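For reference, the chains in residue letters:
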Amino acid sequence: GTCTDTSICETLTNFNIEESASVPILVYPNPTTGLLHLQSEQPLQKVEVLDVTGRLVYSKTKPNKEIDLSTLPKGVYLVKIYLEQGVGVQRILKM
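No experiment lies behind these values; they were computed from the predicted model shown.

Caption draft 1: Examining a nonpolar patch on the surface more closely. The grouping of Val52, Val76, Leu93 and Met95 at the surface amounts to a nonpolar patch, some 290 Å² of accessible area in total. Tracing the backbone through its elements, the reader meets Met95 in the segment after strand S7 (86-94). The exposure class of Met95 is partly exposed, given its relative accessible area of 47%.

Caption draft 2: Region of the structure containing the side chain of Lys94. Among the secondary structure elements, Lys94 is positioned in strand S7. Salt bridges are absent for the buried Lys94, whose nearest opposite-charge side chain, Asp68, sits at 7.7 Å. Looking at Lys94, its side chain comes within polar contact range of the main-chain oxygen of Leu72, at 3.0 Å. Once residues lying within four places of it in the same chain are set aside, the contact partners of Lys94 are Thr32, Thr33, Gly34, Leu69, Ser70, Leu72, Pro73, Lys74, Gly75 and Tyr77.

Caption draft 3: Expanded view of the pattern of salt bridges. Evaluated as defined, the whole model comprises 2 salt bridges. Lys46 serves as the salt-bridge partner of Glu48, at 3.2 Å between the closest nitrogen and oxygen. Judged by its relative accessible area of 26%, Lys46 falls in the partly exposed class. One salt bridge in this structure joins Asp51 and Arg55, with 3.2 Å as the shortest N-O distance.

Cut-offs used in this document
- Residue indices begin from 1 for each chain and proceed along its sequence in written order.
- Reporting in this predicted model follows two pLDDT cut-offs: at least 70 for local features of residues, and 80 or more for side-chain atom pairs to be given and counted; totals over whole chains, interfaces and linings ignore these cut-offs and use all residues.
- As a convention, hydrogens and water are excluded, and side-chain values are obtained from all of the structure's heavy atoms.
- Within this analysis, patches are made of residues with over 30% relative accessible area and no salt bridge. Like charges are joined at 9 Å or less; nonpolar side chains (Val, Leu, Ile, Met, Phe, Trp, Tyr) at 5 Å or less.
- The Shrake-Rupley method, run with a 1.4 Å probe, gives the accessible areas here. Residue values count only the displayed protein chains as cover.
- Salt bridge, as applied in this entry: a Lys or Arg side-chain nitrogen positioned within 4 Å of an Asp or Glu carboxyl oxygen.
- Counting from the N terminus, the helices are the DSSP runs of H or I reaching at least four residues and the strands are the DSSP runs of E reaching at least two.
- Relative accessibility under 20% of the residue-type maximum defines a buried residue, over 50% an exposed one, and the middle range a partly exposed one, all with a 1.4 Å probe and only protein chains included.
- The charge count includes Lys and Arg as positive and Asp and Glu as negative, but it does not include His or the ends of the chains.
- N or O atoms closer than or at 3.5 Å make up a polar contact, with two conditions inside protein: a donor-capable atom paired with an acceptor-capable one, and, for residues adjacent in sequence, both atoms drawn from side chains.
- Should any heavy atoms of two residues lie within 4.5 Å, those residues are considered in contact.

Following this line, the structure appears as structure tokens:
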């Protein structure tokens, strides 16, 4: 069948809830204009940012507590955060 924007959003939302339920990670501000702060009790191992099609648009190993997404186009993204004991996924809106 043909996918619609709505079906993509629902799929990503469900994935987001399941993945992030067990790993407490604070990602703010959301929406963001570029600078995104990452906060977790566990050390950050890697962060990846994917667009709504699942394409990797940003990746950094051993990130600081913030990442700069100002060069990305406006839209919805998934921020995938790898910790020592799990992976958290947060959906963000880039303005």
